[in-house]
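Residue strings, one per chain:
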Amino acid sequence: MGAVGVEEPPQGPGGNEKICVSVRLRPLNEKEKERHDVSDWECINDNTILYRNNLSVSERSMYPTSYTFDRVFRFDCSTRQVYEEGAKEVALSVISGINSSIFAYGQTSSGKTYTMSGITEYTVADIYNYTNNHKEREYLMKFSAMEIYNESVRDLLSTDSTPLRLLDDPERGTTVERLTEETLRDWNHFKELLSVCEAQRQIGETSLNEASSRSHQILRLTIESSAREFLGNDKPSSLTATVNFVDLAGSERASQTLSAGTRLKEGCHINRSLLTLGTVIRKLSKGRNGHVPYRDSKLTRILQSSLGGNARTAIICTLSPARSHVEQSRNTLLFASCAK
Ligand code: ADP
Ligand code: MG
């Protein structure tokens, strides 16, 4: 692929501080169909999702029936479309030296991993398309991956499961000590590293769903570029920026009260990261100055330099259509509404 015909990376819509919020409705799955569950949600246009089931008068005063976002994706939309219209601009701003974060938020089994893994791959492919044989600049792509479980950070590219410490660097902000960072050689190398992450995630867990419902996964790409020759003062000689793909713990962990023992401890910690993220996002979306409690959780500390300020954020809220999940779906839409 040559530089000829390659366009400038897309610029984001609206102001820098705007958080792009979209909602993706998944189809009913086989299990739900078998138990005759039905879908109560309908996307009536590109921005509005409706709750269709008849509500009593008292319920109608408690719950909105119509929700509006930057974009809503019907159950039959492809992940490619979700990427193109809900994440691409934010993700590719990394090429121009702007940090960004893309989140998948929703209850367990609503489609977070399905959505985020597609988005991550499309982004890497697009970055390769744009940067390979670029006329003016030379690019380097670095990859790292971590998991936050119980407020403990683990390297997903290393077999050493010792928790990683967070360090405060006056220049670079919060960094993760000893986190493996691999320079990507090519697409196949990237795919290999993804399978290493997948294998690491499964180690020591009784069931994948259990683990993924409680932990946050961050895949991180850092793009470094340098000008091949001096191009004038308006074109920086070197740029570095990071894009984070965050597959969050199941959002039911933010509302559910768990039973005693370890479960309670895990529940509390997950509350902490998810709840702190919610607070941080709400503060940022209001665009007011004032205290943003980044330091209250590991997740928000790690992401601080990729949230707020000049950084760009996209949140994709995944929704199960099933009537039996209506409460969790409403919670997800409430989170999404607060992030706008
Ligand atoms: P989560 O990560 O939120 O727990 P998953 O991404 O694992 O949920 O999705 C749960 C199941 O539903 C998976 O089998 C996945 O393949 C399927 N699924 C999720 N979203 C979609 C979709 N939009 N279209 C088709 N299947 C989907
Ligand atoms: Mg998942």
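Owing to the predicted nature of the structure, the values given are computational and were not obtained by experimental measurement.

The rules behind each value
- Residues numbered from 1 in each chain as written.
- Chains lettered and ligands numbered in written order.
- Predicted model: local features only at pLDDT ≥ 70, side-chain atom pairs only at ≥ 80, totals over all residues.
- Heavy atoms only, no water.
- Helix = DSSP H or I, 4+ residues; strand = E, 2+ residues; numbered from the N terminus.
- Buried < 20%, exposed > 50% of the residue type's maximum accessible area, 1.4 Å probe, protein only.
- Contact = heavy atoms within 4.5 Å.
- Areas by Shrake-Rupley, 256 points an atom, 1.4 Å probe, with all protein chains shown as cover.
- Near = heavy atom within 4 Å.
- Polar contact = N/O pair within 3.5 Å; in protein donor to acceptor, adjacent residues only side chain to side chain.
- Nonpolar A, V, L, I, M, F, W, Y, C, P; charged D, E, K, R; others polar.
- 1 Å grid on protein atoms, 1.4 Å probe; cavity = no way out; pocket = protein on both sides within 12 Å on 5 of 7 lines; lining within 4 Å.
- Points joined across faces, edges and corners; volume = space filled by probe spheres on them.
- Phe/Tyr/Trp six-rings, centres within 6.5 Å; stacked < 30°, edge-to-face > 60°.
- Core = buried A, V, L, I, M, F, W, Y, C linked by side-chain atoms within 4.5 Å.

1. Some details on the overall build of the protein
- Tallying secondary structure elements over the protein gives ten helices and 14 strands in all.
- Counting over 340 residues, the protein shows a buried share of 50%.
- Partitioning the contacts of the protein with sequence separation of at least 6, the portion at a separation of at least 24 is 72%.
- Accessible surface for the protein amounts to roughly 16400 Å². Of this, 48% is attributable to carbon and sulfur atoms.

2. Focus on the site of ligand 1
- Taken together, Arg24, Arg26, Pro27, Gln107, Thr108, Ser109, Ser110, Gly111, Lys112, Thr113 and Tyr114 make up the full set of residues adjacent to ligand 1.
- In this structure, an oxygen atom belonging to ligand 1 sits 2.8 Å away from a side-chain N or O atom of Thr113.
- Tyr114 is positioned with one of its backbone polar atoms (N or O) 2.8 Å from an oxygen atom of ligand 1.
- The fraction of the free accessible surface of ligand 1 (550 Å²) that becomes covered by protein chains is 68%.
- Ranked by residue count, the leading element in the shell around ligand 1 is helix α5 (residues 112-131), at three residues.
- Of the residues contributing to the shell around ligand 1, the split by class is two nonpolar, six polar and three charged.

3. Some points on the layout of surface pockets
- Its boundaries defined by the atoms lining it, the largest pocket holds a volume of some 470 Å³.
- Within the residue set of the lining of the largest pocket, elements represented by two or more residues are β7 (137-149), β10 (173-176), β12 (216-227) and β13 (238-247).
- Looking at side-chain class alone, the lining of the largest pocket contains four nonpolar, nine polar and five charged residues.

4. A look at the packing of aromatic side chains
- All chains considered together, the criterion is met by seven aromatic pairs.
- A ring pair is formed by Tyr105 and Phe335, whose centres lie 3.7 Å apart and whose planes are at 0°; its orientation type is stacked. Of this pair, Tyr105 sits in strand β6 (residues 100-105) while Phe335 is found in helix α10 (residues 326-339), placing the two residues 230 residues apart along the sequence.
- Between the aromatic rings of Trp187 and Phe190, the centroid separation amounts to 5.3 Å while the plane-to-plane angle is 50°, which identifies the pairing as tilted. Of this pair, Trp187 and Phe190 are both found in helix α6 (residues 187-202), three residues apart, which corresponds to roughly one turn of the helix.
- Judged by its relative accessible area of 0%, Phe190 is buried.
- Each member of the aromatic cluster is reached from another via a ring pair, and the members are Trp41, Tyr51 and Tyr67.

5. Quick word on the side chain of Gln107
- Structurally, the position occupied by Gln107 is in the loop between β6 and α5.
- With residues up to four places along the chain from it excluded, the contact list for Gln107 reads Lys112, Gly250, Ser251, Glu252, Thr318, Ser320, His325, Gln328, Ser329 and Thr332.

6. Comments concerning the nonpolar core
- With 43 residues, the main nonpolar core has Val23, Trp41, Ile49, Phe69, Phe103, Leu307 and Ile315 as its most contacted residues.
- Excluding residues that lie within four positions of it along the chain, Ile49 makes contacts with Val23, Leu25, Trp41, Glu42, Cys43, Thr65, Ser66, Tyr67, Phe69, Val72, Leu319 and Leu333.
- Formed by 38 residues, the second largest nonpolar core is a distinct cluster that contains Cys20, Val82, Ile95 and Ile316.

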